[in-house]
Amino acid sequence: MKKVVMIFMSLALVAPFSIAEQGIENVWKASTKEVGQAKYDRLSQDELQDACSTKGGVKEGYDVNVLRQKAQESIVYPKYETFDPSYYLGDWKNGESIAKNGKGLQYNDDPKDPNGGNCYACHQMAQEEVAYGTLGTTLQNYGMRGQSEVMMQYTWAKIYNPHVYNVCSMMPRFGVNGILTEQQMKDVMAYLLDPNSPVNN
Amino acid sequence: MKINMFQRMIAGLMMSASLIAPTYAQDDLDNPAWFMVDDGMALWETPNGPNDVSLEECDLGLGAGVVEGAFAQLPRYFEDTNQVMDIEARILHCMETIQGRDLVDVLAKPYSNAGGPGTEMEALVAYVASESNGMELATPQDHPAEQAAYELGEQLFYFRAGPHDFSCATCHSQSNKRIRLTELANLTNDESGPVFGSWPAYRKTEGVVRTMGWRLQSCSRQQRLTQLQIGSEATTALEVFLAVNGAGAEITAPGYKR
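I will try to describe carefully the structure that is included in this document. None of these values were measured; they are calculated from a predicted model. (Residues numbered from 1 in each chain as written. Chains lettered and ligands numbered in written order. Predicted model: local features only at pLDDT ≥ 70, side-chain atom pairs only at ≥ 80, totals over all residues. Heavy atoms only, no water.)

**With respect to the state of the cysteines**
The final tally for this structure, using the stated rule, is two disulfides over all chains. One disulfide in the model links B:Cys58 with B:Cys94; its S-S distance is 2.0 Å. In this structure the cystine formed by B:Cys58 and B:Cys94 twists about its S-S bond by roughly 75 degrees; its chirality is therefore right-handed. Here B:Cys94 lies in helix H4 (residues 87–97) and B:Cys58 lies in the loop between helix H3 (33–45) and strand E1 (76–78), a separation of 36 residues in the sequence. No disulfide involves A:Cys119; its sulfur sits 9.1 Å from the nearest other cysteine sulfur, which is in A:Cys122. Left without a disulfide partner, B:Cys168 is nearest to the cysteine sulfur of B:Cys219, which lies 6.7 Å away. Exposure remark for B:Cys168: the relative accessible area of 14% places this residue in the buried category. (Disulfide = S-S within 2.5 Å. Helix = DSSP H or I, 4+ residues; strand = E, 2+ residues; numbered from the N terminus. Buried < 20%, exposed > 50% of the residue type's maximum accessible area, 1.4 Å probe, protein only.)

See the structure below:
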């Protein structure tokens, strides 16, 4: 009997006036189902997601410099003693297919398949590819900037955790969140920076 | 789904009538969605469930049995459930309360696979929405629950989560942007109106009529989140946010999309 009363009380709590108390995460949870690889833990926000869940800018109470510092600390760079660009660069042909592949981590995707980077959803890259999105900046001729260590580290960080630069960047954190493997990120780097890549021709 | 040949013929006549009837824009009627509208009308009027009654006594917000113009004012607050409900939630409610139906089967597959055949829900939504075609989008914001739903919708819209950190706003808070070649509407302002007002729509890439509930569910997939459910609180709140931002736009449902 007590149980029944409690169920009724919890039903009363989800009545339309208690939105604020529920929390947005719990509204998503109550309104969605786990399907395939998409489990409820995906609805738990980390600090950065919470900070950036607001109309324009950063949520009040967050220090932009602290968030950027933490983003910087999250980045794992390729290991080497003496710099050489080859430590950052994989195969641009693999990079191209990663850039064009929009699959991965959706509830209907097979978790055994490799994830795509879906760069073309938002960025212009090779001149020959006309089906590019415009949410991000153009990356055509990205390799013109050369292959210095600074350029390599900048590009690696931008892919690994773009919040280092623009604290509420809309771009996914491909490295931190494990969307792409280290090798896949190197392949995408090569697609951007290899002089033979169609991005630079 | 049961196919009523007579209804299909009527729909076919309506489509060919576009050639001779100047009162309809040809674009509006050259749309396979009208077949679903007629299927939906037939389903609306056919007795079903343990109570063996049709949905004709369903109150969509403008009084029992009033279909014309109801979609233009949804989602809205309903006193009988003390909830803000969208078109799909309300149809489910009527199936359960008026027809006495167990919703397990409907909820198991509310939206069809690509290629069809369409579901009962898709047909009913297409029919109800078509009865507001040409009207202005006028989702109410009078009741406190309707205002709360808008605020919730806004917060859900900006909520970033999942492995890709996506919110609705990631793709839909700027004007004149594209994903690949697909144009993105800014749903935070009046660009939202023509979008909201053109669902449900026939999608030629899938060959079926899709509803706004399906569209939002599809967004939850692309966001890499868990699967948004038909008639849920989040679905309804997001719809209120979109519909109110687009208030005053002309309803062109059923629409026709890529």
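Read on, since the account is not over.
**Some thoughts on helix H11 (residues 233–245) of chain B**
All names here are of chain B. Look at H11: 18 Å from first C-alpha to last across 13 residues, which is about the 18 Å you get at 1.5 Å a residue. Within H11, eleven of the 13 residues are buried, which leaves the element mostly enclosed by the surrounding structure. Those residues of H11 that fall on the buried side of the exposure criterion are Ala-234, Thr-235, Thr-236, Ala-237, Leu-238, Glu-239, Val-240, Phe-241, Leu-242, Ala-243 and Asn-245. (Expected span 1.5 Å × (residues − 1).)

**Topic: the packing of helix H7 (residues 149–160) of chain A against helix H8 (residues 182–193) of chain A**
Residue and element names in this part refer to chain A. At a minimum axis separation of 11 Å, H7 and H8 run at an interaxial angle of 125 degrees. If you check the angle between H7 and H8, you find them oblique. Judged by the sense of rotation from one axis to the other, the crossing of H7 with H8 is right-handed. Along its contact with H7, which presents Met-152, Thr-155, Trp-156, Ile-159 and Tyr-160, the element H8 presents Glu-182, Met-185, Lys-186, Val-188, Met-189, Leu-192 and Leu-193. Taken together, the residues of the contact of H7 with H8 sort by class into nine nonpolar, one polar and two charged. (Axes fitted to C-alpha atoms, helices over the stretch in contact; angles between N-to-C directions. Parallel < 35°, antiparallel > 145°, perpendicular 65-115°, else oblique. Left-handed = near helix turned anticlockwise from the far one by under 90°. Contact = heavy atoms within 4.5 Å. Nonpolar A, V, L, I, M, F, W, Y, C, P; charged D, E, K, R; others polar.)

Everything listed here is a matter of coordinates, which is why it stays silent on function.
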